[in-house]
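The chain contents come next:
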Amino acid sequence: MSTTAETAEHEGALETRGLEPVPDSERHGRTRELFPTWVAANISVLLLTMGAGLIVSNGLNFWQVLVVALVSPVLSYGLVGLVSIAGKRGGSPGMTLSRAVFGQRGNLFPGSLIWVARWGWETINAVTGAYAILTVLDICFGVKQNTALKVITLLGFVAATFLISGLGRKVLHVCSTWSTYLFGAFSVLVLVYLLTDTDWGQVFDKPAGSTAMMIAGIGTIAAGGISWVPTGPDFTRYLPRTASNRPLVGHAVGGAAIVVVPMVLMGAVMAVSQPGLSSAKDPVAFLGDLLPTWIAVPYLIMALIGMLLINSMSMYSAGFTAMTLGIKVPRAWAVSVNAVISLIFGYLLMNVATSFMGSFISFLTLLAVAFSAWIGVFGIDMLRRKTYDGAALMDTTRTSAYWYKAGFAWQALTSWAVALVVGLLFTKVDWFSGPLATSWIGRNGLGWLVTIVVAGALYALLPRQPLPETDAAAEPELATAKA
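Now for a description of the structure that goes with this document. Just so it is clear, the model here is predicted, and its values are computed rather than measured.

### Let's talk about the packing of aromatic side chains
Moving on, step 1. One pass over the full model with this rule turns up 15 aromatic pairs.
Moving on, step 2. Geometrically, the ring pair formed by Phe62 and Trp63 is edge-to-face, given 5.2 Å between the ring centres and 85° between the ring planes.
Moving on, step 3. A ring pair is formed by Phe109 and Phe408, whose centres lie 6.3 Å apart and whose planes are at 45°; its orientation type is tilted. With Phe109 in helix α7 (residues 108-141) and Phe408 in the loop between α17 (390-394) and α18 (410-425), the pair connects residues that are 299 residues apart, well separated along the chain.
Moving on, step 4. Using a relative accessible area of 46% as the deciding quantity, one classes Phe109 as partly exposed.
Moving on, step 5. The partly exposed category is assigned to Phe408, whose relative accessible area is 27%.
Moving on, step 6. These aromatic residues form a ring-pair network of at least three members: Trp38, Tyr77, Trp228 and Phe235.

Structure follows, in structure tokens:
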């Protein structure tokens with residue numbers, strides 16, 4: 001097959017490429033494509049509810065919420081952008097590149113944990129999307145919620161997610177670009193309405209909360225971005241090796257911040273007139289109460305599209321993770337595993353759980369710790385390794401250069417496991433509390449940061465595992481290529 005034909009096959013409407021590295025001849029991506037990708041990754045009405053929680057639950061004032069909203073995407077999506085550099089170096093998905101760090105067998109441990117964590121993330125978004133549909137049906141047609149309707153809307157949302165994620169990167173990019181424009185326009189409309197309909201004296205008169213609650217709030221908002229860090233390389237593997245590093249970080253931070261900052265602030269302002277929205281079982285219905293119908297309905301539809309894209313991006317990467325774990329099916333079919341799990345857990349969350357936001361915040365807290373252990377180890381490894389052996393990544397036998405000892409890189413795996421345990425010691429959620437959760441670190445919600453530091457420091461201090469010759473003899477990266 002010719003190079004042109006192969007490119008058409010892998011980069012058509014249906015992406016057929018799996019874990020194998022993208023050849024240099026097929027790397028036609030542009031760094032500017034990443035901006036709408038990370039905008040779309042944050043189009044969720046949950047940010048409104050989380051912004052309200054900063055006011056009601058954390059006791060912060062408007063200016064403290066502004067600090068939280070500004071700092072959170074810089075921290076979390078700064079990490080996303082930095083780890084994304086590995087994608088253009090190796091041309092493979094993030095969890096495939098992780099084989100070079102943990103070993104072919106060792107990578108199964110962090111890979112399995114990250115895959116399971118994605119179940120929760122996709123379930124949360126699927127439930128939120130289903131509630132958005134139910135709210136639109138109620139506002140427009142007076143159709144009230146019931147168990148059967150919840151199941152139908154949840155099934156419809158997951159099915160749409162499965163379809164979009166199965167089509168691949170190019171379809172996700174097109175959808176992300178259009179949703180960025182549309183959601184941005186309607187968000188401005190909501191913002192203008194709030195500016196004219198809000199008692200700003202009441203907003204600004206609220207006293208300041210504690211610094212500890214502000215730091216904890218940063219961790220809560222940043223947790224969503226941290227969950228995208230291992231995914232970053234999935235969206236940069238089609239970039240030329242010579243692509244500049246700076247826009248990878250800039251577009252990740254900028255794309256996230258342009259959504260996170262205004263939505264968290266809008267949620268905080270909304271909480272002044274409706275403080276109960278931070279603990280509502282239904283995280284979407286409040287929009288029908290706060291906004292006029294002519295704004296609420298189109299805004300919910302745009303948010304629904306955004307949540308579809310968030311879940312599609314997550315399932316797109318989850319498909320790669322499943323394949324990395326040895327599930328030998330095409331990527332599009334690997335996605336179906338997560339779709340089925342989202343349906344099961346989504347049903348339980350909508351019909352059994354008593355508190356949506358309580359479950360969500362607990363999940364985010366544990367999610368941040370689970371992903372941070374991998375981030376610390378992988379990040380330190382990136383400082384040493386400038387390229388990856390594509391053949392060794394795909395070779396899961398003893399002949400692989402990434403087999404190390406019995407398939408394990410003990411330095412990386414030890415650092416990951418120790419950091420994970422340490423992070424949990426400082427973590428507290430509704431149904432779990434580590435023995436150090438009442439310490440200063442625990443009270444400030446910094447368990448995830450401790451996890452990154454411990455993982456990175458321990459991995460840096462342990463004896464270095466030898467790099468394959470192809471990794472050690474790295475090609476110099478050019479930072480002058482066109483974005």
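That was the structure; now back to the text.
### With respect to the packing of helix α3 (residues 46-56) against helix α12 (residues 246-273)
Moving on, step 1. Where α3 contacts α12, the two axes come as close as 6 Å, and the packing angle between them is 55°. Between α3 and α12, the angle is such that the two are oblique. Once α3 is placed against α12, the crossing between them reads as right-handed. Along the contact surface, α3 presents Leu47, Leu48, Gly51, Ala52, Leu54, Ile55 and Val56, while α12 presents Val259, Val260, Met263, Val264, Met266, Gly267, Ala268, Met270 and Ala271.

### Focus on unusual backbone geometry
Moving on, step 1. Backbone geometry places Tyr404, a non-glycine residue, at a positive phi of 55°.
Moving on, step 2. Of note, Tyr404 is situated in the loop between α17 and α18.
Moving on, step 3. Positive phi outside glycine occurs at Ala406, with the angle close to 60°.
Moving on, step 4. Note on placement: Ala406 falls in the loop between α17 and α18.

Conventions we followed
Residues numbered from 1 in each chain as written. Predicted model: local features only at pLDDT ≥ 70, side-chain atom pairs only at ≥ 80, totals over all residues. Heavy atoms only, no water. Phe/Tyr/Trp six-rings, centres within 6.5 Å; stacked < 30°, edge-to-face > 60°. Helix = DSSP H or I, 4+ residues; strand = E, 2+ residues; numbered from the N terminus. Buried < 20%, exposed > 50% of the residue type's maximum accessible area, 1.4 Å probe, protein only. Axes fitted to C-alpha atoms, helices over the stretch in contact; angles between N-to-C directions. Parallel < 35°, antiparallel > 145°, perpendicular 65-115°, else oblique. Left-handed = near helix turned anticlockwise from the far one by under 90°. Contact = heavy atoms within 4.5 Å.

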